[in-house]
Amino acid sequence: MQNPETLAWAEKLGRRRVSLSAKRVFDIFASLVILIVTSPFFLLLALAIKLDSRGPVFYRQVRVGRYDRDFRIFKFRTMVQNADKIGLSLTVGRDPRITRVGRFIRKCRLDEFSQLLNVLSGSMSLVGPRPEVRRYVEAYRPEYMATLLVRPGITAPSSIAFKDEDRLLENSSDPERTYIEEVLPPKMKLNLDYLGHISVWGDIKILFQTVAAVLR
C-alpha cells in the first residue's frame, strides 16, 4: 500500500477522522438494531439451510480487509459444502453448486445479512468497498489499494451497480479474466468515488438505495 496514490488518499481520509468515527458509531448502533429486529426470521433461515443440505449454516471465507489484512467473512451458506474447492471463487450464472434454499437467499441478498456480525466485530462496515479474495487484490492497480484504507462494507455503490454481475460473467469463456479486466475497473472507480464523499448521511442514502435495488 506504500504507493503515491494510496498515500495521497490516506492523507485525505486523515482529515476526515470525525466523519469516520461517526460512521463507526452508526455502524454499531444500526447493526445491533437490525440484528435484534430480524433475529427470529434469521433463525428460521438458518433452520432452512440445515434442512436443505449438509453443512454449516455459515460459510466463512477469507477476504482482504482494511490495511490489506485478511479476515473471515460471515455469509449464510448458499452452496454445497466445500464449494470453494470444486469451482471458481466467482459465482457465474446458474452455478450448480448453489442449493435450492441458496438460490432464494441469493435472489433476495439475504446471505449478506450475516455480515452484521463482521460489522460488530470491527472487520467490516455497513457501507464500504466490497471485500475481495486475495487473488483479485493481487490484480489491483496501485490506485485501487486506496480502497483498503477503510473497512469493507456489506454494500456499496459498486454493489448496486453490479448486483447482477454473475449474469454478466455467465457467457464468458474465462470468467475470472473478464472480472479482472472488465468488471473490476469500473467497480474500483465507484469505490474510489465513495471514498471521496464518505459520510454517515451518504451511507444512509446508499443503504436505502440497496434496499430499493433488491426489491426491484
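First things first, this report covers the structure right here in the doc. (Residues numbered from 1 in each chain as written. Predicted model: local features only at pLDDT ≥ 70, side-chain atom pairs only at ≥ 80, totals over all residues. Heavy atoms only, no water.)

## Looking at the overall build of the chain
Consideration 1: Across its full length, the chain holds 9 helices and 4 strands.
Consideration 2: Mapped from its N terminus to its C terminus, the chain presents α and β elements in the order α-α-β-β-α-α-β-α-β-α-α-α-α.
Consideration 3: Against the compact-globule benchmark of 17 Å for 216 residues, the chain has a radius of gyration of 17 Å, which places it among compact chains.
Consideration 4: Each of the three principal axes of the chain carries a C-alpha extent, and together these read 50 × 45 × 30 Å. (Helix = DSSP H or I, 4+ residues; strand = E, 2+ residues; numbered from the N terminus. Rg over C-alpha atoms; globule rule 2.2 N^0.38 Å.)

## Focus on the packing of helix α2 (residues 17-52) against helix α9 (residues 200-215)
Consideration 1: Here α2 crosses α9 at 45°, and the two axes come no closer than 9 Å. Judged on the interaxial angle alone, α9 and α2 are oblique. Along its contact with α2, which presents Ser 19, Ala 22, Lys 23 and Phe 26, the element α9 presents Val 200, Asp 203, Ile 204 and Leu 207.
Consideration 2: Looking at the contact of α2 with α9, its residues break down into 5 nonpolar, 1 polar and 2 charged. (Axes fitted to C-alpha atoms, helices over the stretch in contact; angles between N-to-C directions. Parallel < 35°, antiparallel > 145°, perpendicular 65-115°, else oblique. Contact = heavy atoms within 4.5 Å. Nonpolar A, V, L, I, M, F, W, Y, C, P; charged D, E, K, R; others polar.)

## Looking at α9
Consideration 1: For α9, with 16 residues, the first-to-last C-alpha span of 23 Å sits near the 22 Å given by 1.5 Å per residue.
Consideration 2: Those residues of α9 that sit buried are Val 200, Asp 203, Ile 206, Thr 210 and Ala 213. What you see down the axis of α9 is that its buried residues fit within an arc of 130°, all on one side. Set apart from the buried face of α9 by more than 90 degrees, the exposed residues are Trp 201, Lys 205, Phe 208 and Leu 215.
Consideration 3: One side-chain oxygen of the residue at the start of α9 lies 2.9 Å from the amide nitrogen of Gly 202, identifying that residue as Ser 199. (Expected span 1.5 Å × (residues − 1). Buried < 20%, exposed > 50% of the residue type's maximum accessible area, 1.4 Å probe, protein only. Arc of directions from axis to C-beta. Polar contact = N/O pair within 3.5 Å; in protein donor to acceptor, adjacent residues only side chain to side chain.)

## Considering the pairing of strand β1 (residues 58-64)
Consideration 1: In this structure, β1 lies alongside strand β2 (residues 70-76), joined through 7 bridges in antiparallel fashion. Along β2, the bridge assignment pairs Phe 58 with Phe 76.
Consideration 2: Taking the residues between adjacent antiparallel strands as the criterion, β1 and β2 are bridged by 5 residues, where Tyr 67 takes a positive phi near 65°. (Pairing = 2+ DSSP bridges.)

## Describing the pattern of salt bridges
Consideration 1: Under the counting rule described, the total for this entry stands at 11 salt bridges.
Consideration 2: Note that Glu 176 is salt-bridged to Arg 135, the shortest N-O span being 3.1 Å. One end of the pair, Glu 176, is in helix α8 (residues 175-196); the other, Arg 135, is in helix α5 (residues 134-137), and 41 residues separate them in sequence.
Consideration 3: Note on Arg 135: relative accessible area 46%, which makes it partly exposed.
Consideration 4: The shortest N-O distance in the salt bridge between Glu 181 and Arg 177 comes to 3.1 Å. Of the two residues, Glu 181 and Arg 177 both sit in helix α8, 4 residues apart, roughly one turn of that helix.
Consideration 5: What makes Arg 177 exposed here is its relative accessible area of 51%. (Salt bridge = Lys/Arg side-chain N within 4 Å of Asp/Glu carboxyl O.)

## Side note on the environment of Phe 42
Consideration 1: Position of Phe 42 relative to the elements: it lies in helix α2.
Consideration 2: Taking the C-alpha atoms as reference points, Phe 42 and Ser 114, 72 residues apart in sequence, are found 8.7 Å from one another.
Consideration 3: With near-sequence residues (within four places) excluded, Phe 42 lies in contact with Phe 76, Leu 110 and Phe 113.

## Topic: the environment of Tyr 179
Consideration 1: Relative to the elements of secondary structure, Tyr 179 occurs in helix α8.
Consideration 2: Note: C-alpha distance between Tyr 179 and Leu 169 (10 residues apart in sequence) is 7.3 Å.

## Comments concerning the packing of α2 against helix α3 (residues 100-107)
Consideration 1: Look at α2 against α3: their axes get within 8 Å of each other, and the N-to-C directions meet at 145°. Where α2 approaches α3, its residues Leu 45, Ala 48, Ile 49 and Asp 52 are matched on the opposing element by Arg 100, Val 101 and Ile 105.
Consideration 2: Across the contact of α2 with α3, the residue classes tally to 5 nonpolar, no polar and 2 charged.

## Structural notes on a nonpolar patch on the surface
Consideration 1: On the surface, a nonpolar cluster with roughly 580 Å² of combined accessible area is contributed by Ile 28, Phe 29, Leu 32, Val 33, Ile 36 and Val 37.
Consideration 2: Among the structural elements, Ile 28 can be located in helix α2. (Patch = residues over 30% accessible without salt bridge, like charges linked within 9 Å, V, L, I, M, F, W, Y side chains within 5 Å. Areas by Shrake-Rupley, 256 points an atom, 1.4 Å probe, with all protein chains shown as cover.)

## Things to note about the nonpolar core
In summary, soluble globular proteins display a tendency toward joint burial of nonpolar side chains.
Consideration 1: Within the largest apolar cluster, 21 residues are counted, with the highest numbers of intra-cluster contacts made by Leu 126 and Leu 195.
Consideration 2: Mapped onto this core, the elements with two or more residues apiece are α1 (4-14), β2, α4 (116-121), β3 (125-127), α8 and α9.
Consideration 3: For this core, the leading source of residues is α8, giving 3 residues.
Consideration 4: With 14 residues, the next largest nonpolar core counts Val 64, Leu 148, Phe 162 and Leu 184 among its residues. (Core = buried A, V, L, I, M, F, W, Y, C linked by side-chain atoms within 4.5 Å.)

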